[in-house]
Amino acid sequence: MTAWVYSFGGGGADGDASMKTLLGGKGANLAEMSALGLPVPPGFTVTTEACVHYYANARAYPDDLAEQVEAGLAKIEQLTGKAFGDASNPLLVSVRSGARASMPGMMDTVLNLGLNDETVEGLARLSGDRRFALDSYRRFIQMYSNVVLDMPHHAFEEILDDHKDRLDISVDTDLTADDWAKVIADYKAAVLHSLGKPFPQYPKLQLWGAIDAVFSSWMNDRAKFYRKMHDIPECWGTAVNIQSMVFGNMGETSATGVAFTRDPSTGDSALYGEFLINAQGEDVVAGIRTPQALTKAGREAMGEKAPSMEEAMPLVFAEFVAAVGKLEGHYRDMQDVEFTVEQGRLYLLQTRNGKRTAKAALKVAVDMANAGTITTDEAIQRVDPASLDQLLHPNIDPAATRDVIATGLPASPGAATGKIVFNADEAERLGQAGESVILVREETSPEDIHGMHAARGVVTARGGMTSHAAVVARGMGRPCVSGAGELHIGRGVMQARGRSFKAGDTITIDGSSGEILAGYVAMVEPELTGDFASLMVWADKVRRLKVRANAETPLDARTARQFGAEGIGLCRTEHMFFEEDRIAAVREMILADDEAGRRLALDKILPMQRGDFLSLFEIMEGLPVTIRLLDPPLHEFLPHSEVEIRTLAAGAGLDAEKLIRRARDLQETNPMLGHRGCRLGVSYPEIYEMQVRAIVEAACDLAATGKAAPQVEIMHPLVAKGEEMAYLRALTDKTARAVLSERGVDLDYKVGTMIELPRAAIRADDLAEHAEFFSFGTNDLTQTTFGISRDDSAQFLNAYIVQGIFEKDPFVSLDQDGVGDLIKIAVERGRFMRPDIRLGICGEHGGDPASIDFCERAGLDYVSCSPFRIPIARLAAAQAALNNRK
C-alpha cells in the first residue's frame, strides 16, 4: 500500500529532512524538528505524490487517502488529548501547503479549522477566554470562506470595518467578545447571502475542503507565475500539512512571530525578525498590524518604543534563542523560523533555509566557510549565480541631495528610480512598455507578484520587515521600503509631510535606508570587494571553463576586466561601423559602383578600425580577443524610409536618388538568412581584407610598444561549408602575412568561425580542417534550428511555455536537447579533425547558469557573455565544475 500520509510530533516522525521531494520542504523540516526533540505541534503531511495523483486523475484523491488521513488525525488526537469535532474538548488544526521549493505566500493556508457554533463554545470554556475563542472563529470563517468557498476577502473586511466604525475603535484587539459575536453573525449571513447555503459546520467536511483548496492552489495564477520566475517544475506538486493549532492570540502571554537566525538583508550574524503579542501568524506576514522587534538591539536600532520579545518575554526568548541556534547548527545554514507562544509556552511551526539578498548570501556563505561550518566548495554552491545581479546595479550616490518624502523600513536593499504606479496591472503594463516604475501600495499581497516583478522597486505604507512585500522583493532583488506609515495612499495620490504625488510622478527609493525621495537621484556603481572577492577566488580555483566578455567598446572592455573577464570572446565589429565619425564612409562604401570605389571608402575606415582594435588589445593586456568580421546585411547601415534617405543625402552631400536605388537593391525578403556574414566576405572580399589589416596592424602597433602581445583571434560569421572556410582562411592569411611582412613582425594569430547553422555543426570536421577555433553563436543557432525569429518570437513563445511545449524561452536558456545535440556533434567532429581546437560559446546563453552547466558537460573551453554577467558566469562555471565532478 502506498503511504500518502506521514506523521510527526511527540519527539518522533515518520519522515526526515532528506524527504523534501515527497514531503515538501515544510513537511520534511517539521519531521526533522520533531525528531530533534524541539517543541513542534503534532501533525501529519499528505505527500506531493498525492497532489500529482490528484491532477493526473481529474482532481480525484487516491482511494486509500481518506483512511490514512483518519489515522493521522487519530494520532494527533492521541498526542494532544483532544478530539477533532468534539464540542467539549475540540482539536483544531491548520492546513498549509508545502512544496519542495519554498514558495512564500503563493499557495493557500487555513487556520483554526474545526471551529463551528458548538466547538467554539468548548474552546471558550477550555481557555477561559470567550473573546479569544470568538476571535479565532471569526478568523476561521473569513479565511475559509476566502480560500475554500472563493468569497472575496474584502467582503469580510468591510463588515469588520463597519463594526469598528460603529464602535469608534481602530484596532481589532479592542473588540469585546460580544462585539465578535455580532461580527460572526454578520459573517455567516454574508456567506449565506453570497452562496445560498450556510457556512459549513461539519469539521471533517471543512478539512477536506481545505485539503482540496491547497492542492488546487498549486495551479493558481500567482503560483504558476512564481514557478515560472524561479524555474520550479509544475510536475512537482505540493504537499499538505495538517497540524494541531497553537494560539498566539490567547492574551498578553501569547504571541506569534517570524525570525531569521541572521540578517537576511546583510547576512550579519544577529537574530533578526518580528513578533506580535496576542496575535496569529497571518497578522505578522500580512502587515495588518505593525509588528515589534525580537531583540532589544533591534528595537533600539529601529527607534521603536514598543518592547521587544527579549524585553517582554525574557524566559521564552531565551528558550527561543537556544532553539534557533540548534536549528542553524543542525542545518548549517541561515534559518527562517515561524513560531508561536501560547500562554508562555514556545512552539516552532516551521523552519526553512531563509530567503536572502545576494549580499547576505555572500556573507553567510563566506562567514560559515571561514568558521569551518561548511567547506569553500559548499560556500560556492550556496550562492545563486543569478542573484549576483543584485550587486551589479547602482546605489544612491552618497554626495547626492536627498529630498526625503517619507521614511519606512529598509526591507530590501538597493536603489531604484521610476514613475509612481498604484496597482500591479498598471506596473506590468508600463514595465512591458519599457517604463521604469515604482509600485506604491498600502500593502502588497500575493496577487501583486506580477506587478512587483515588473516594477523597479516597491513601497508599502503598512507591513514589517517580514511582510509579503519585504520577503518577495528581497527574493526578486527589488529595492523595497515597507511600513512607511506616514504615507497616505488613495484615489491615485500619495501624500506625506504635506506633499502630494500622483501616478506618473517620479520618485527614488533607497531600500538600504528606508527613504523615499522625490524625483531622480544620482546613482553610483557598486564595488565588488570583501565577501564577493573571497567567493570569486574560491570559484576561480574550482572552475575549468574560462569566462570571456562580449565587448566592442573600451568602456565594455574595462567593465569586463573589472568583473574578472579573461579575454573578449566576441567583438562585434558592425557596432563600430555605426559610430558618427565613420558611418558616412560606410555609406560611401555601400554606394560605390565598383571595387575601386569601395576600397577608397574602406581606406577611410581602416585607421578608425585600427584604433578601435588597439584600444581593446591594450585593455585586455595579452588576453585573447576574438574579433568577428562584419556580419549584418549592408542595408542595416542605411536609413529605412525614403524621407529619411533624402534627409541624410541632403545633409551628407550624397546623391539621394542613387541612395534610394541602392537601398532598394539591398532589400531582402528574409535578411537574417540573406546576404550577410561570411557571404559579404565572399562577395566583397575587400571589406574583410580591410578589417583583417586593421586587426593585424593594431596588434603590431601594440607589440612595438613592448607591452604584452595580444592573443588575436579572427572570426568569420555564418560559415556553412568547408569550402567557404577554406576561402576565408586563405583570404585572412594572405592579408595578415602581407601586414606582418610590411612591419617585419612575427606575430601569432588564430582564424576560426562561429557555428550558427545546423549544417556547420553537422559538418564541423570540414570547417575544422581550416579553422583553429569554434565559437557557438547560439542566438542564431537557436533561430536556425527551430526556424524561429528571435525578433518576432515574443508574440507566441509565451503560449508555448504556458502549454508546456517549451519549458523556458530557448533564447534565454539553451535548448539542450536540440541545439545542445548540435553543439555536441560539432565538438566531437571538430576535435576529431583538430584535437587542439579551441571551443567556446558567445551567444546570450553564455551568461545563463543552466546553459553554462551544459557547456561544462559538453567540454567547451570558455563561455563569453555581457560584461555585467561575468561574475554570474564565473560562479556558475564553478558550480558546474562541482556538479559534474566524477
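Our subject is the structure that appears above.
The structure contained in this document is the topic of the report that follows. As the structure is a computational prediction, the values presented were derived from the model and not from experiment.

**Quick notes on the pairing of strand β7 (residues 109-113)**
With four of five residues buried, β7 is to be regarded as a mostly interior element. Strand direction decides the pairing type here: strand β6 (residues 93-99) and β7, joined by three bridges, are antiparallel. Within β7, the residue paired with Val93 across the bridge is Leu113.

**Thoughts on the sheet that holds strand β9 (residues 255-260)**
Strand order in this open sheet of five strands is β11-β10-β9-β12-β13, and the pairing throughout is antiparallel. Looking along the sheet, the strands with just one partner apiece sit at the ends: β11 (292-293) and β13 (345-353). By the bridge criterion, two bridges tie strand β10 (residues 272-277) to β11 in an arrangement that is antiparallel. The residue bridging Glu274 from the neighbouring strand is Ala293, located in β11.

**Remarks on the pattern of salt bridges**
In this structure the tally under the stated criterion is 56 salt bridges. Ionic pairing is found between Asp336 and Arg352, a salt bridge with its closest N-O pair at 3.1 Å. On the criterion of sequence distance, the pair formed by Asp336 in strand β12 (residues 335-342) and Arg352 in strand β13 is long-range, its members being 16 residues apart. Judged by its relative accessible area of 6%, Asp336 falls in the buried class. With a closest N to O distance of 2.8 Å, Glu426 and Arg429 form a salt bridge. A residue pair is termed a helical-turn pair when its members lie 3 or 4 positions apart in one helix, as Glu426 and Arg429 do in helix α16 (residues 424-432) at three residues. On the basis of relative accessible area, Glu426 is assigned to the partly exposed category, the value being 27%. The structure contains a network of salt bridges with shared partners spanning Asp135, Arg138, Arg139, Lys164 and Asp172.

**Regarding the environment of Arg664**
Within the element layout of this structure, Arg664 appears in helix α25 (residues 656-666). Residue classification places Arg664 among the exposed residues on the basis of a relative accessible area of 52%. C-alpha of Arg664 to C-alpha of Leu30: the two residues are 634 residues apart in sequence and 70 Å apart in space.

**Points about unusual backbone geometry**
The backbone of Asp150 sits at a positive phi, close to 65°, despite the residue not being glycine. Checked against the element boundaries, Asp150 lands in the loop between α5 (130-147) and α6 (153-167). Asp150 sits in the exposed class, given a relative accessible area of 68%. Residues other than glycine seldom take positive phi values, yet Gln343 does so here, at roughly 50°.

**Thoughts on the pairing of β9**
Along β9, six of the six residues are buried, which leaves the element largely enclosed by surrounding structure. Judged by which residues are buried, β9 turns out to be covered on both faces: Ala255, Gly257 and Ala259 on one side and Thr256, Val258 and Phe260 on the other are all buried. Bridge count for β9 against β12 is six bridges, and the pairing is antiparallel. Within the sheet, the bridge partner assigned to Val258 lies in β12 and is Glu338.

**With respect to the side chain of Thr460**
Of note, Thr460 is situated in strand β19 (residues 457-460). Setting aside anything within four residues of it in sequence, one finds Thr460 in contact with Arg441, Glu442, Glu443, Thr444, Ala469, Val481, Ser482, Gly483 and Ala484.

**Concerning the packing of helix α4 (residues 119-127) against α5**
Where α4 contacts α5, the two axes come as close as 8 Å, and the packing angle between them is 145°. Taken as a pair, α4 and α5 cross one another with a handedness that is right-handed. Across the interface between the two elements, Val120, Glu121, Leu123, Ala124 and Ser127 of α4 pack against Arg130, Phe132, Ala133, Leu134, Ser136 and Tyr137 of α5. Its residues placed into classes, the contact of α4 with α5 shows seven nonpolar, two polar and two charged.

**Re the packing of helix α34 (residues 849-858) against helix α35 (residues 870-883)**
Taken N-terminus to C-terminus, the directions of α34 and α35 make an angle of 50°; their axes are 9 Å apart at the nearest point. In terms of orientation, α34 and α35 fall into the oblique class. The two elements α34 and α35 cross, and the hand of that crossing is right-handed. Where α34 approaches α35, its residues Pro849, Ile852, Asp853 and Glu856 are matched on the opposing element by Ile872, Ala873, Ala876, Ala877, Ala880, Ala881 and Asn883. Its residues assigned to classes, the contact of α34 with α35 shows eight nonpolar, one polar and two charged.

**Things to note about a nonpolar patch on the surface**
On the surface, a nonpolar cluster with roughly 270 Å² of combined accessible area is contributed by Phe796, Tyr800 and Ile805. By the secondary structure assignment, Ile805 is in the loop between α32 (797-802) and α33 (819-833). Owing to a relative accessible area of 54%, Ile805 belongs among the exposed residues under this scheme.

**Let's talk about the sheet that holds strand β29 (residues 624-628)**
Strand pairing within a sheet occurs via backbone hydrogen bonds; the two strands may be parallel or antiparallel. Taken in spatial order, the eight strands line up as β27-β28-β29-β30-β31-β32-β33-β34 and close into a barrel, and their pairing is parallel. For this sheet, the mean angle separating the axes of adjacent strands, direction not counted, is 25°. Sheet topology note: the strand β33 (residues 838-841)/strand β34 (residues 862-865) ladder contains two bridges and is parallel. Looking at β34, one finds that Ile841 is bridged to Val863.

**Here's the deal with α4**
Within α4 the residues assigned to the buried category are Thr119, Val120, Gly122, Leu123, Ala124 and Ser127. Looking at the packing, one finds that the buried side of α4 touches β5 (90-91) and α5.

**Concerning the state of the cysteines**
The full count for this structure, using the stated rule, is zero disulfides. Here Cys235 stays free of any disulfide, with the sulfur of Cys51 as its closest cysteine sulfur at 11 Å. The class for Cys235 is exposed, based on a relative accessible area of 61%. In this structure Cys678 is not part of a disulfide, and its nearest cysteine sulfur, from Cys842, lies 15 Å away. For Cys678, a relative accessible area of 0% puts it in the buried group.

**Here we look at a negative patch on the surface**
A cluster of acidic residues, Glu158, Asp161, Asp162, Asp165, Asp168 and Asp186, forms a negative patch on the protein surface. Per-element tally for the negative patch: the top contributor is α6, with four residues. With respect to the element layout, Asp186 can be found in helix α7 (residues 177-195). The class for Asp186 is partly exposed, based on a relative accessible area of 34%.

**Focus on the environment of Leu814**
Looking at the element boundaries, Leu814 is found in the loop between α32 and α33. Separated by 125 residues in the primary sequence, Leu814 and Glu689 have C-alpha atoms spaced 34 Å apart. Residues contacting Leu814, with those up to four places away along its chain left out, are Thr778, Val819, Ile823, His845, Asp848, Ser851 and Phe854.

**Comments concerning the packing of aromatic side chains**
Under the defined criterion, the tally for this structure stands at 15 aromatic pairs. A centroid spacing of 5.1 Å and a plane angle of 55° characterise the contact between Tyr61 and Trp208, whose relative ring orientation is tilted. Placement of Tyr61 in the loop between α2 (48-56) and α3 (65-80) and of Trp208 in helix α8 (residues 203-217) is noted, with a sequence separation of 147 residues between them. Taking the relative accessible area as the measure of exposure, Tyr61 reaches 23% and is therefore partly exposed. A centroid spacing of 5.3 Å and a plane angle of 55° characterise the contact between Phe140 and Tyr144, whose relative ring orientation is tilted. Linking Phe140 with Tyr144, this pair stays in helix α5, spanning four residues, or about one helical turn. The exposure class of Phe140 is buried, given its relative accessible area of 0%. Three or more aromatic residues joined by ring pairs make a cluster, and in this case those are Tyr54, Tyr55, Tyr61, Trp208 and Phe215.

**Focus on helix α9 (residues 221-230)**
Each α-helix turn comprises 3.6 residues. Residues three or four places apart therefore point the same way. All of the buried residues in α9 are Arg222, Ala223, Tyr226 and Arg227. Along the axis of α9, the buried positions cluster into a sector of 135°, meaning they face one direction only. Along its buried surface, α9 packs onto α8 and α17 (449-454). Two or three places before Arg222, at the start of α9, stands the capping residue Asn220, its side-chain oxygen 3.2 Å from that residue's backbone nitrogen.

Reading guide: rules and limits
- For every chain, the first residue of the written sequence is number 1, and numbering continues from 1 along that sequence.
- Local features in a predicted model are, by the rule used here, given only for residues with pLDDT of at least 70; side-chain atom pairs are given and counted only at 80 or more, and totals for whole chains, interfaces and linings are based on all residues.
- Here the side-chain values reflect all heavy atoms present in the structure, with hydrogen atoms and water set aside.
- Each residue gets one of three labels from its accessible area relative to the maximum for its type: buried under 20%, exposed over 50%, partly exposed in between, using a 1.4 Å probe on protein chains only.
- Helical segments are the DSSP runs of H or I of at least four residues, strand segments are the runs of E of at least two, and each set is numbered from the N terminus.
- In this scheme, strands are said to pair when DSSP sees at least two bridges between them.
- Put simply, a salt bridge is a Lys or Arg side-chain nitrogen that is within 4 Å of an Asp or Glu carboxyl oxygen.
- Note on contacts: a residue pair is in contact if any heavy atoms of the two residues lie within 4.5 Å.
- Each axis is a line fitted through C-alpha atoms, and for a helix only the stretch in contact is used; angles between axes span 0 to 180 degrees, taken between their N-to-C directions.
- By convention, the crossing between two helices is left-handed when the near helix turns anticlockwise from the far helix through less than a right angle, and right-handed when the turn is clockwise.
- Three residue categories are used. Nonpolar comprises Ala, Val, Leu, Ile, Met, Phe, Trp, Tyr, Cys and Pro, charged comprises Asp, Glu, Lys and Arg, and polar comprises the others, including Gly.
- Under this scheme an angle from 65 to 115 degrees is roughly perpendicular, one under 35 degrees roughly parallel, and one over 145 degrees roughly antiparallel; angles in between are oblique.
- Only residues whose relative accessible area exceeds 30% and that form no salt bridge are eligible for patches; like-charged ones are grouped when within 9 Å, while nonpolar side chains (Val, Leu, Ile, Met, Phe, Trp, Tyr) are grouped when within 5 Å.
- Working definition of accessibility: Shrake-Rupley area with a 1.4 Å probe, residue cover restricted to the visible protein chains.
- Pairs of cysteine sulfur atoms within 2.5 Å are identified as disulfides in what follows.
- This count recognises Lys and Arg as positive and Asp and Glu as negative, with His and chain-terminal groups excluded.
- We put the charge of a Lys on NZ, of an Arg on CZ, of an Asp on CG and of a Glu on CD.
- Ring pairs are drawn from Phe, Tyr and Trp, using the six-membered ring of Trp, whenever the two centres fall within 6.5 Å, and their geometry is named by plane angle: stacked under 30 degrees, edge-to-face over 60, tilted for the rest.
- Our arc is simply the arc of the directions from the helix axis toward the C-beta atoms.
- N or O atoms closer than or at 3.5 Å make up a polar contact, with two conditions inside protein: a donor-capable atom paired with an acceptor-capable one, and, for residues adjacent in sequence, both atoms drawn from side chains.

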